[in-house]
Amino acid sequence: MDPLLTRHVREPNSFTLDFYTQHGGYAAIRKALAMTPDAVVETVKASGLRGRGGAGFPTGMKWQFVDKKSAKPRYICCNADESEPGTFKDHVLMERNPHLLFEGCLIGCYAIGAKVAYIYIRGEFYHVQEVLERELEKARAAGLIGTNIFGSGFDCEIYVHRGAGAYEAGEETALIESLEGKRAQPRLKPPFPAVEGLYGCPTAVNNVETLCNVPLILEHGAEWFAKLGPEKNGGPKLYCLSGHVKRPGVYEASMSTTMRELVYDPRFGGGIRDDRALKCVIPGGSSVPVLLPDQLDIAASFDGVAAAGSLLGSAGIIVMDETTCMVWAAENLLHFYRHESCGKCTPCREGGAWLHNILCKIERGEGQMKDLDLLLSVAGNIAGKTLCAFGDAGATPVLTTVKTFRAEYEAHIREGRCTVPAPWRVAARAHAGAH
Amino acid sequence: MSFHPAMDYGRGRHQSARALPEEGSAFVYTAENREKLEAICARYPADRRKSAILAALYLAQAQQGYLTRNAMRHVADAIGCTPADVEDVVTYYTMFYTRPVGRYVLTVCRTLSCALMGAERVTQELAEALGVKPGETDATGTFTLHEVECLGACDRAPVVGVNDHWHECQRPEDVRGLLDGLRAAGPSVLTGCHLKVAGEGQ
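Everything numeric here is computed off the predicted structure, so don't read it as measured data.

A.B. asks: Looking at this structure, how should I read the overall build of chain A?
C.D. replies: Along chain A, the regular secondary structure elements total 17 helices and 9 strands. Against the compact-globule benchmark of 22 Å for 435 residues, chain A has a radius of gyration of 22 Å, which places it among compact chains. Viewed in the frame of its principal axes, chain A has a C-alpha envelope of about 75 × 45 × 35 Å. Burial statistics for chain A: of 435 residues in total, 59% are counted as buried. For chain A, long-range pairs separated by at least 24 residues make up 71% of all intrachain contacts whose partners lie at least 6 apart in sequence.

Right under this line is the structure:
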């Protein structure tokens, strides 16, 4: 499949309004404006587009759930927080193809009857925000954003909202809280944002890549889009390859591409650096179960990866070679989850720190065999017991590594040291645990 | 926080009366920053100025380098919320500093993808070269070193943030060169983001 979302991103000035319109940009919104909003929702539903943020929920259904009977204003919140470890795809779209995102926002707003879209971008993407703000200004000056767009009577504004460093802000209700000027902490659901979201108004929260797919659907049709991939996994998909691959980067492909192709094919990852042996792959950001080398012959689709016992998530594929210690990797990720827990739910706030402490203890060579069952017990008491999916996400690296690499944990405990020391690590790093 | 969007946290009986004591020198926005803040507030409904609180704090931090309690009190006035609301936000988000920082804040990504490519050694070399531990500022007040979680540049690992800029593919053996370069020539020595195509204008 030829790239669609990222086709021009390596070309000079691909981010400019002139470039975008010269390549057929803003034709899809014209098409949408000639349809009824409900017909736009139906088209997106028929395309089978699934949310690219991680959950893979059908976008058309999300839009349909937005409460149209409410007298309150409606909103689109574009989730550009991109903070799942190993994920860096939205960054490319926003920096190199921002008008595609704006067009997706406009179509989304038209479909659900919103007049404002907020793009919530993580604070660390300052240089990306500068591109967005500058290009928004150009689109506004050209009359593509604002009042009476294309003389249709449709009014729509798009604003960029800068976050300030919080992984949890990527959770849709926490994103809304943060947009309201509060701590990024999740809300109890229901009510879902479609009924009571931003400012208590009906809201659709959509990922950047999701919204960028919408103009393609309007332009080429729902059927064309659905046929770009396996059944129920249509459209182009961006994959983020990082870790021990020869060619890390963002690659666009159909979801019929296999995980093995993504890691080994010269068009994608190109194999493991220094031609070492592969140890495992985390296929969807930090919070999903690992895949072993013999589990890679699966379609890298939402359903394909789920059938193999993991999740496609944000398609952040982290590749680890044989020099990687899995106790260390789990400790690294639990440091992340301990640090990023928003603190609202006790199982996640306390449990994440407990897990990290136990992992540090094993890393230091002070572990006991009974710690392994303790890890599983604590992790099992977090998963499913929190307001948002963060708790499950933090428990997963422990559950999956203890289950899959138990012998490695046991060797650490038995020998009182790391049995897989890698040259790229700091040997004497003090895993003190407490922060 | 709110458990339910219809519950009016932060208003009426849910409003904290916690006062912030004075700290630091007097703080008032410059006219230019106040104007910028009002322009950002206009992006939100008139009764939702609190949405601009992060932007307001960024402006105060840019003006003063870090956020004192006096700055938080002024932000509360400018936004129309309580000082407790502001303190609540400042202490949650990692990009706000409540103590002075160096001219360059180095943020080394420590999460898995960067760690797999040697980020631990980058931090170690930086700490040794500067004579500090992560979280500290060097004796000259030029550099503050932080380890941070995933910056979203995992294909260019290890990545180091320098204030609002990125420095990609930082090898441990080259960190002294980076520090010398920043001292001598400023942020122009940074790689920036690799997605920029050579020769393109703004």
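A.B. asks: What is the right way to read the overall build of chain B from this model?
C.D. replies: A count of helical and extended segments in chain B gives 7 helices and 4 strands. In chain B, the succession of α and β elements from N to C terminus is α-α-α-α-β-α-α-β-β-β-α. Each principal axis of the C-alpha distribution contributes one length, and for chain B these read about 55 × 35 × 35 Å. Classification of the 202 residues of chain B by burial places 43% in the buried group. The contacts in chain B between residues at least 6 apart in sequence include a share of 61% that link residues at least 24 apart.

A.B. asks: I tried to follow helix H7 (residues 126-141) of chain A on my own but got confused; where do I start?
C.D. replies: Helical geometry note: an α-helix holds 3.6 residues per turn, so side chains three or four residues apart project in the same direction. Residue and element names in this part refer to chain A. Taking 1.5 Å of rise per residue, 16 residues should cover 22 Å, and H7 covers 23 Å from first to last C-alpha, within 8% of that figure. When H7 is considered as a whole, its buried residues turn out to be Val-128, Gln-129, Val-131, Leu-132, Glu-135, Leu-136 and Ala-139. The arc that holds the buried residues of H7, viewed along the axis, is 155°, so those residues lie on one side. Facing away from the buried surface of H7 by more than 90 degrees, the exposed residues are Glu-137 and Ala-141. On its buried face, H7 is in contact with helix H1 (17-22), helix H5 (89-96), helix H6 (98-112), strand S2 (116-121) and strand S4 (154-162). Following H7 by one or two positions, Gly-143 has its phi on the positive side, about 80°.

A.B. asks: Please explain the interface of chain B and chain A as it appears in this structure.
C.D. replies: By a frequent convention, interface size equals the accessible area lost on bringing the separate parts together. With 49 residues of chain B in contact, the opposing surface of chain A contributes 63 residues. Those elements that place two or more of their residues in the side of chain B that touches chain A are helix H2 (53-64), helix H4 (83-90), helix H5 (112-116) and helix H6 (119-130) of chain B. Tallied by class, the residues present in the side of chain B that touches chain A amount to 27 nonpolar, 12 polar and 10 charged.

A.B. asks: I keep staring at the pairing of strand S1 (residues 104-109) of chain B and nothing clicks. Help me out?
C.D. replies: Put simply, side chains in a regular strand alternate between the two faces of the sheet. Residues and elements named next belong to chain B. Most of S1 is tucked away, with 5 of its 6 residues classed as buried. Across 6 bridges, S1 lies against strand S2 (residues 143-148) in parallel orientation. By the bridge assignment, Val-108 is partnered in S2 with Glu-147. In this sheet, strand S3 (residues 160-162) lies alongside S1 in antiparallel orientation, the contact comprising 3 bridges. From the neighbouring strand, Val-108 faces S3, where its bridge partner is Val-160.

A.B. asks: It is not clear to me how the domain arrangement of chain B should be interpreted in this structure. Could you clarify?
C.D. replies: What the domain assignment reports for chain B is domain 1 (12-90) and domain 2 (104-189). Of note, the centres of domain 1 of chain B and domain 2 of chain B, computed from C-alpha atoms alone, are 30 Å apart.

A.B. asks: Mind showing me how you'd approach H4 of chain B here?
C.D. replies: Burial analysis of H4 of chain B places 6 of its 8 residues in the buried class, the great majority of the element. Listed in full, the buried residues belonging to H4 of chain B are Pro-83, Asp-85, Val-86, Glu-87, Val-89 and Val-90 of chain B.

A.B. asks: Looking at this structure, how should I read the sheet that holds S1 of chain B?
C.D. replies: Residues and elements named next belong to chain B. Taking strand neighbours across the sheet as the criterion, the 4 strands line up as S2-S1-S3-S4 in an open arrangement whose pairing is mixed. The sheet is open, and its two edges are formed by S2 and strand S4 (165-167), each paired on a single side. When the angles between neighbouring strand axes are averaged without regard to direction, this sheet yields 25°. Against the sheet, H6 contacts S1, S2 and S3, and its axis sits at roughly 150° relative to S1.

A.B. asks: In this structure, what is going on with the domain arrangement of chain A? I would like to understand it.
C.D. replies: Residues and elements named next belong to chain A. Segmenting chain A into domains produces domain 1 (17-226), domain 2 (236-321) and domain 3 (326-415). Taken over C-alpha atoms, the centre of domain 2 sits 23 Å from the centre of domain 3. Listed as interface residues are 7 residues of domain 2 and, on the opposing side, 9 residues of domain 3. Looking at the side of domain 2 that touches domain 3 residue by residue, the classes come out as 5 nonpolar, 2 polar and no charged.

Scoring rules and cut-offs
Residues numbered from 1 in each chain as written. Chains lettered and ligands numbered in written order. Predicted model: local features only at pLDDT ≥ 70, side-chain atom pairs only at ≥ 80, totals over all residues. Helix = DSSP H or I, 4+ residues; strand = E, 2+ residues; numbered from the N terminus. Rg over C-alpha atoms; globule rule 2.2 N^0.38 Å. Buried ≥ 20, exposed ≤ 12 C-beta atoms within 10 Å, placed from the backbone. Contact = placed C-beta atoms within 7 Å. Expected span 1.5 Å × (residues − 1). Arc of directions from axis to C-beta. Nonpolar A, V, L, I, M, F, W, Y, C, P; charged D, E, K, R; others polar. Pairing = 2+ DSSP bridges. Domains from an automatic or database assignment. Axes fitted to C-alpha atoms, helices over the stretch in contact; angles between N-to-C directions.

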